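Survey of secondary and tertiary structure
If you want the building blocks of each chain, they are given just below.
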Amino acid sequence: MRRRLGSLLRRYRKQNAMTLAQAATVLGWESTRLSRVETGQYQIKASEVATLLEACGVTDQGEITGITEVAESHQRKWWAAYSDVLPKPYADSIALEEAAVSIKTYFPQLITALLQTPAYAHSAIFSSPSPAVRKNADSLVQVRQARKMVLTRSQNPARLDTVIDESALFAPSGATPDVMRDQLLGLLDLSARDNVTIRVMPLGAPAHPGLTSNMTVMGFRDPWPPVVLIDHLRGGVGPSPVVVDTLR
């Protein structure tokens, strides 16, 4: 979140044709300190963010409040309880997911984690070649179930638009018919929600870019830019490498 905030401050500064030194002077800083804030290395206070935004010509109070809230957000989050099993990049992706207003996913072969039942999630996670992942499978299943709160929370639930490959509707290795039946019923239940759209890519569909990897696109309230995550068993590509428990 510090990196995203710093990147946004840099964008506003450049839009206002301010040099790093000029912007730093507004806060009584040296330019090296502001440079480290813009690259996410240093934390910045909400009041300092507001001062910088005003110096950069941002006058909309709602926009200023929305940005400064990120600088003020230091509360312990629910996923901190799983810090012993969650790599930091994975925890970062959960933080982004919590703040997203829209989430679009495509995962060939497996159903996306936000729609997985506990038994299906356990089967998917336990298929990982990593002994550490299999050892912590129960905790990682709990994390996946807790992540669903972004779809079911009472205030401003995220909109999920996911494409499921038709092959994912058949039981993967390790998933029993009972597990798959409950998973399909779970998809039906969640698809009844106004903020959840589930579509199926037919087996006979022609070649398309989604064949190469999993992908997630998260949208946020203005002025925050969207984030794209492309992940896999050994890591991923996004705002930073995203290490997943196995196929998010």
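Below is a short write-up of the structure. (Residues numbered from 1 in each chain as written. Predicted model: local features only at pLDDT ≥ 70, side-chain atom pairs only at ≥ 80, totals over all residues. Heavy atoms only, no water.)

1. Section: helix α4 (residues 46-55)
Regarding α4, the residues found buried are Ala46, Glu48, Val49, Ala50, Leu52 and Leu53. The inward-facing, buried residues of α4 contact α1 (2-15), α2 (20-27), α3 (31-38) and α5 (61-72). Just downstream of α4 lies glycine 57, where phi reads positive at about 90°. (Buried < 20%, exposed > 50% of the residue type's maximum accessible area, 1.4 Å probe, protein only. Helix = DSSP H or I, 4+ residues; strand = E, 2+ residues; numbered from the N terminus. Contact = heavy atoms within 4.5 Å.)

2. Focus on the pattern of salt bridges
Scanning all chains against the criterion turns up seven salt bridges. Note that aspartate 92 and arginine 3 form a salt bridge whose closest N and O atoms lie 3.9 Å from each other. Placement of aspartate 92 in helix α6 (residues 88-99) and of arginine 3 in helix α1 is noted, with a sequence separation of 89 residues between them. Overall, arginine 3 belongs to the partly exposed group, its relative accessible area being 39%. Residue arginine 181 is joined to aspartate 182 by a salt bridge in which the shortest nitrogen-to-oxygen separation is 3.5 Å. Residue arginine 181 is classed as partly exposed on the basis of its relative accessible area of 47%. Connected via shared salt-bridge partners are Arg3, Lys88 and Asp92. (Salt bridge = Lys/Arg side-chain N within 4 Å of Asp/Glu carboxyl O.)

3. Overview of helix α9 (residues 137-147)
Since the α-helix advances by 3.6 residues per turn, residues separated by three or four positions end up pointing in the same direction. Those residues of α9 not exposed but buried are Ala137, Leu140, Val141, Val143, Arg144, Ala146 and Arg147. Elements that come into contact with the buried residues of α9 comprise α6, α7 (118-126), α8 (131-135) and α10 (149-152).

4. With respect to the environment of serine 123
Among the secondary structure elements, serine 123 is positioned in helix α7. When its relative accessible area of 13% is taken as the criterion, serine 123 is described as buried. When the C-alpha positions of serine 123 and alanine 171 are compared, they lie 10 Å apart, and in sequence the two are 48 residues distant.

5. Considering a nonpolar patch on the surface
A cluster of nonpolar residues, Val217, Val228 and Ile230, forms a patch on the protein surface that exposes about 190 Å² of accessible area. Tracing the chain through its elements places isoleucine 230 in strand β5 (residues 227-232). By relative accessible area, isoleucine 230 is classed as partly exposed at 32%. (Patch = residues over 30% accessible without salt bridge, like charges linked within 9 Å, V, L, I, M, F, W, Y side chains within 5 Å. Areas by Shrake-Rupley, 256 points an atom, 1.4 Å probe, with all protein chains shown as cover.)

6. Some points on the packing of aromatic side chains
A full pass over the atoms with the stated rule returns two aromatic pairs. Ring geometry for tryptophan 78 versus tryptophan 79: centroids 5.4 Å apart, planes at 85°, classification edge-to-face. Tryptophan 79 sits in the buried class, given a relative accessible area of 11%. Centre to centre, the rings of tryptophan 78 and tyrosine 82 are 6.3 Å apart; their planes meet at 80°, and the pair counts as edge-to-face. Note on tryptophan 78: relative accessible area 23%, which makes it partly exposed. (Phe/Tyr/Trp six-rings, centres within 6.5 Å; stacked < 30°, edge-to-face > 60°.)

7. Overview of the packing of α7 against α9
Closest axis-to-axis distance for the α7/α9 pair is 9 Å, and the angle between their directions is 130°. Comparing the axis directions of α7 and α9 gives the class oblique. At the point where α7 passes α9, the crossing takes the right-handed sense. Contact residues: α7 offers Pro118, Ala121, His122, Ala124, Ile125 and Phe126, while α9 offers Ala137, Asp138, Leu140, Val141, Arg144 and Gln145. (Axes fitted to C-alpha atoms, helices over the stretch in contact; angles between N-to-C directions. Parallel < 35°, antiparallel > 145°, perpendicular 65-115°, else oblique. Left-handed = near helix turned anticlockwise from the far one by under 90°.)

8. Observations concerning unusual backbone geometry
Following aspartate 222, the chain continues into proline 223 via a peptide bond in cis, with omega recorded as 10°. Tracing the sequence through the fold places proline 223 in the loop between β4 (215-219) and β5. One non-glycine residue, glutamine 109, lies in the positive phi region at around 80°. Within the secondary structure, glutamine 109 is located in the loop between β1 (102-107) and α7. The class for glutamine 109 is exposed, based on a relative accessible area of 61%. Of note, the phi angle at asparagine 156 is positive, near 50°, even though the residue is not glycine. As for its position among the elements, asparagine 156 is in the loop between α10 and β2 (159-165).

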